Structure formats: C-alpha cells, structure tokens
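Secondary and tertiary structure notes
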Amino acid sequence: MSTLRLRELSVVNEITRVLTQGLPFRKTLSEVLKILYAYMGVEHSFVAFKDQNSVKIASSFGLPEPEGVAFGKGEGITGRVFSRGIPVVIPRVKESNLFANKTGIGKFLSPDAYALAVPVKVGSEIKGVLTVFKEFESEESVEKFLETLSIIGNTLGLFFKLSEKLEEERMRWEEEKRMLTMELRERYSLRGILGKSKAIKNLVELVQKIARTDSTVLILGESGTGKSLVAKAIHYESPRRDGPFITVNCAAIPESLLEAELFGYEKGAFTGAYSSKKGKFELADGGTLFLDEIGDLPLSLQAKLLRALQEKEIEPLGSEKTVKVDVRIVAATNKDLRKLVKEGKFREDLYYRLNVVELRVPPLRERREDVPLLIEYYLRQFNEKYQKRVRISPKAMKLLLEYHWPGNVRELANLVERLVILSDGEVGPEDLPEHVKKRDEAPRGELPKLIEETEKQKIIEALEKTGYVKSRAAKLLGYTLRQLDYRIKKYNIEVKRF
Ligand SMILES: Nc1ncnc2c1ncn2[C@@H]1O[C@H](COP(=O)(O)OP(=O)(O)OP(=O)(O)O)[C@@H](O)[C@H]1O
Ligand SMILES: [Mg+2]
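Residues numbered from 1 in each chain as written. Chains lettered and ligands numbered in written order. Predicted model: local features only at pLDDT ≥ 70, side-chain atom pairs only at ≥ 80, totals over all residues. Heavy atoms only, no water.

**Here we look at the environment of leucine 484**
Formally: Strands here mean DSSP runs of E at least two residues long; helices mean DSSP runs of H or I at least four residues long; both are numbered from the N terminus. Buried, partly exposed and exposed residues are distinguished by accessible area as a fraction of the type maximum, computed with a 1.4 Å probe on protein chains only: under 20%, between the cut-offs, and over 50%, respectively. Contacts were defined at the residue level, with two residues in contact if any of their heavy atoms lie within 4.5 Å.
Secondary-structure assignment places leucine 484 in helix H18 (residues 481-490). Overall, the relative accessible area of 0% leaves leucine 484 in the buried class. For the pair leucine 484 and alanine 473, spaced 11 residues apart in sequence, the C-alpha separation works out to 8.4 Å. Leaving out residues up to four positions away in the same chain, leucine 484 has contacts with Ile459, Lys470, Ala473, Ala474, Leu477 and Tyr479.

**Notes on unusual backbone geometry**
Even without being a glycine, arginine 92 presents a positive backbone phi close to 45°. Looking at where arginine 92 falls in the secondary structure, it is placed in the loop between strand S4 (88-90) and strand S5 (114-122). Located in the positive-phi region is lysine 312, a residue other than glycine, with phi close to 55°. Note that lysine 312 resides in the loop between helix H9 (299-311) and strand S12 (313-314).

**Remarks on the site of ligand 1**
What counts is decided by this rule: Proximity is defined per residue: any heavy atom of the residue falling within 4 Å of a molecule or strand makes that residue near it. Within 3.5 Å is the distance limit for a polar contact, defined as a pair of N or O atoms, with the added protein rule that one can donate a hydrogen and the other accept it, and that residues adjacent in sequence qualify only through two side-chain atoms. Residue-level accessible areas treat just the shown protein chains as cover; the underlying method is Shrake-Rupley with a 1.4 Å probe.
Around ligand 1, the surrounding shell holds 17 residues, and the nearest of these are Leu194, Gly224, Lys227, Ser228 and Arg410. The separation between an oxygen atom of ligand 1 and a polar main-chain atom of threonine 225 is 3.3 Å. Between ligand 1 and the protein, one listed contact pairs an oxygen atom with a backbone N or O atom of glycine 226 at 3.1 Å. The protein chains hide 82% of the 630 Å² of surface that ligand 1 would expose on its own.

**So, the packing of helix H17 (residues 470-477) against H18**
A packed helix pair is summarised by two numbers, namely the angle formed by the two axes and the spacing between the axes. Rules: To get an axis, a line is fitted to the C-alpha atoms, and for a helix only the part in contact is used. The angle between two axes follows their N-to-C directions and goes from 0 to 180 degrees. Roughly parallel refers to an angle under 35 degrees, roughly antiparallel to one over 145, roughly perpendicular to one between 65 and 115, and oblique to any angle outside these ranges. Residues were grouped as follows: Ala, Val, Leu, Ile, Met, Phe, Trp, Tyr, Cys and Pro as nonpolar; Asp, Glu, Lys and Arg as charged; and all remaining residues, including Gly, as polar.
Running from N to C, H17 and H18 cross one another at 100°; their axes reach a closest spacing of 9 Å. If you check the angle between H17 and H18, you find them roughly perpendicular. Between H17, through Lys470, Ser471, Ala473, Ala474 and Leu477, and H18, the contact on the second element is made entirely by Leu481, Leu484, Asp485 and Ile488. Counted by class, the contact of H17 with H18 contains six nonpolar, one polar and two charged residues.

**Side note on empty space enclosed by the protein**
Inclusion rule: Here a cavity denotes a set of grid points, spaced 1 Å apart and computed over the protein atoms alone, in which a 1.4 Å probe fits but from which it cannot get out, and a pocket denotes an open set meeting protein on both sides within 12 Å along at least five of seven lines; residues with an atom within 4 Å of a point are reported as lining. Grid points are joined across faces, edges and corners, and a volume is the space filled by probe spheres set on the points.
Summed over all chains, the structure comprises one cavity of 30 Å³ or more. Taken as a whole, the largest cavity encloses approximately 90 Å³ of empty space. Along the wall of the largest cavity there are 13 residues; nearest its centre are Phe46, Phe71, Thr78, Phe99 and Phe133. The biggest single contributor to the lining of the largest cavity is helix H3 (residues 76-84), with three residues. Tallied by class, residues from the lining of the largest cavity come to seven nonpolar, five polar and one charged.

**Some points on the side chain of serine 238**
Within the secondary structure, serine 238 sits in the loop between helix H6 (227-236) and strand S8 (245-249). Judged by relative accessible area, which is 1%, serine 238 ranks as buried. Those residues in contact with serine 238 that sit more than four places away from it in its chain are Ala211 and Arg328.

**Considerations on the sheet that holds strand S3 (residues 70-72)**
Basically, it comes down to this: One bridge is not enough; two strands pair if DSSP finds at least two bridges between them.
With antiparallel pairing, the six strands of this open sheet are ordered in space as S3-S2-S1-S6-S5-S4. Where the open sheet ends on each side, the last strands, each with one partner, are S3 and S4. When strand polarity is set aside, the average angle formed by the axes of neighbouring strands in this sheet is 25°. Against the sheet, H3 engages strand S1 (44-51), strand S2 (54-61), S3, S4, S5 and strand S6 (125-134), with an angle of about 150° to S6. Contacting S1, S4, S5 and S6, helix H4 (residues 139-187) runs over the sheet at an angle of about 30° to S5.

In short, geometric facts, not functional conclusions.
In structure tokens:
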C-alpha cells in the first residue's frame, strides 16, 4: 500500500470517529473540515445543505465570508453538483467561468488552485455538497483525492440521515415530555386536594402561598392523610414546576444504602461501585427533593443532611470534590418529631432547619364534612375503572360518616374500591366491613390513649404526694372521691398503704 493510501484511510477513519461522537450537528461538520485541513492540507472548504431550492453553507473552513451564502441549482461549482449529483473537478478555478466566488475566496487562491465538489447523498437524493479548494502536485494525486472526497461525501450523507432521524426522535420526545408534564401538573395541582372543610381550605391556601417561595417545608400528619399529595402540589404549583420532583423514602431504604442514594458515589467508592452514580440531591437539581418519612432518617445521616441543606452542596461518596445543588426541600413524617428530638433520636438543629414552614395535614376525623365528597369522588372513579354502577345506600352512608377513619383518605379510597369490586347495585350496611359497622369496638386512636396515660400518671403523682390518702389526692386533682376510685380501678393503680 502506498503512503498516500494509508493517509486516505486514516483520514476516513478519523472522520468516522468524529461523526460517531455525538457532537451537535454543526460542530461535527466543522470538525470534519478541520480534519481535511490537518490530514490532507485542504485550506479552504465548506459543506452546504439543501434548503428548499438551493444549498446553504452549514459549516466552513478558511473562508472569508461564508455567512448565509447559498447556491441555486447550477449556480457556480457547488450549484452544479447540487443540480447534477456528480462530482466536479475544476483546475485553475480562478480562471473558470463556472467559479461564482460568492464567499470571496478568490483572492486567497493561487492561480493553480483546483476546486473539487462532491455530492452529499441520502440514497439517490442530493442533500448537500462538499466543496474544497486545493493545489496539487500531479494529476494522479487529484484522482486519488477525489476518490477519498467522494467517500467522505457519502459518509456525510449517512451522518445527515442519522441526524435527521435523531432530530425527529428528539422532537417526538420533547412533545411527549411536554404532554406528560402538563398531565402531571394537572393531576398534582391544588385541584387534586379534595375537600370543602375549613381545614382543607386553609391548607390549600397555605400551600399556594408556600409554593411561591423557595423555603423548606415540613409536612406533618397521620398516615394516609395526603402528605405526599401535598408535597407534589407544592412542587407543581411552584416556579420549579418544570424541574424534577424527586422522592426519597427514608424509611424504605436500608441505612447502609441511604447515603449513596442521597448523595451519589464515585466509581470505586466501595466494593461493587463499578461506575459512578448521581444521588437524588443531584437528580433533583433545579427542582424539588421530597424527603418522605424523614422521622426515620438514621442519626448517622442527619448530620450529613444538615450539612447539605446548609451549604447547598453535597459530597458524593468516595469523591474529593463537592457539587453545588439547587434544590428545594420538602420533608414529611407521621412521627412526632419534637418527641424524637427530646428522646435524642432526631437532631434538634436539623429539626429547626426543616421546620422553616410547618404544614399540618388534618386527619379525616377532624374534617368529617369532607367524607361524603371523598366517597362520591372515589365511587365515581372506581365505578369507571371497573365499569360498574355501584351506589351506597343512605344507611350505609350514615355508618361511613360516623366511622373514625384511622387510616384516613387512603383507607377510605381502599374501602370504596373494595365495595365497588364486591357489590353489584347498592351497598347496604350489611356489606360494610365489621369494624366499620361496630364503631363501639373500633380501635382507639393514639390521642385517647395518650390522654389516658397522662391522666394515670397524674393520679399516681397525686397519690404519692398525699401519702396515699385518697380524699386528699382527690381534692388535689379536683375529683370527687367516687370519681377517683373509679379511675384507680380503671387504670389498675396499686394503692399502697402505710
Ligand atoms: N384531600 C385529598 N383529596 C384527594 N385525595 C386524597 C386527599 N388526601 C389524600 N388523598 C389520597 O389518599 C391517598 C393517600 O395519600 P398520601 O399518600 O398522600 O398520604 P400520606 O400522608 O403521604 O401517607 P403516608 O404517611 O402513609 O405516606 C392517595 O391516594 C391520595 O391521592
Ligand atoms: Mg406518603
């Protein structure tokens, strides 16, 4: 193989490498022209692509005025290749009457310079023209050069076709993403938080106000009250709505993995870290990070989280450098964080950091007037889903309204779904689950238990203070003796005698 052959091979090789690098379209073209200069001494060149009835320069090398230059069919050397689709070679181009000199290159060319132009085709369709200006030593090298240039022209054709396809795909994805975002925005807007009670109206109003700011929000409420729903509404009502909404459930991920999940890791940070991975903080950049079940965050990670919140930067595991992140934090828990702080299970400084704005989502039993509305809503939804027309009888409805809903809206939605699946026609009281029917036997909520526990403690204290003289203890507590006796029995308090 002659040295020339080798050089041609390496130029094609190099160009293929650039074309497959995934650079932007114009950047790729300009890299190709640079290679032509570096490997084949082409000091002036350009690629023009079809734009209606002409070809327009998309990228150039060593041209004085390439901007916006286009060649009509048959206009100049480039225009001729565009109309005929076959390569053209013009020796002593400056003297040729085909030379249009639209880019002003004429004055930079020697009298011996050639112009060579090859079509860029996709199938039989001419998509563009690659034009170069160059001097040669012999006729033979012109031919070899033209051969190589034709191969490059064909390769550019393939590249053009792929780029077109990719662009089409990209536009489709963009459109799809736009539709999905709109759908999400609709679903998780404030309108998704149902309820006409004062409690819900206040909540919605507050969410609206908070959403506009960038402050950290702590959402408190029992299980199933809609904390996650509220978190999403805050995001989708906020100026960050086009950014990501990322959830981390601090209770669902084992402690050993949670740090990597939150902050990411570098390749080789630990056994099995074969590549680096972004943490949720980085993924939420520009959007909202929802830390669900924050009360379950292990103490070991609380300090790291606090640092991330304060510095607004994170340090991936095994990494030396920190990464700036722009995220809004929304956290939620059904635990009593204050109590956890007192018990030393939750850092006080982190608590105050999260608790900039506190939102309490009320349990369903505190807003019973919303129950009919929610039942209606889910009934409609599940009837549609299961293609049914189930109704709820007034008697059954009465029981549902009196029920205390310890599992809140989630329990209500699940119950309605079950009723729709299991019944045809009307749901009567007998169709309701036992615990809903017999509300006397319904399990007690947390609060009554707490009250009882406090009462019992108070009685014991009073008894101890008064040396177990019941009449004095009763007076201290503001009870009659009978009332005190009743409670001593109820709580099984041991009355010591001296
Ligand atoms: N006000 C509401 N209007 C409509 N649907 C609601 C409302 N509140 C809650 N829901 C629905 O109830 C279900 C439970 O809500 P969500 O998951 O937000 O509760 P949560 O407080 O995050 O519960 P957990 O503490 O168990 O995580 C969801 O399906 C949610 O869509
Ligand atoms: Mg939740």
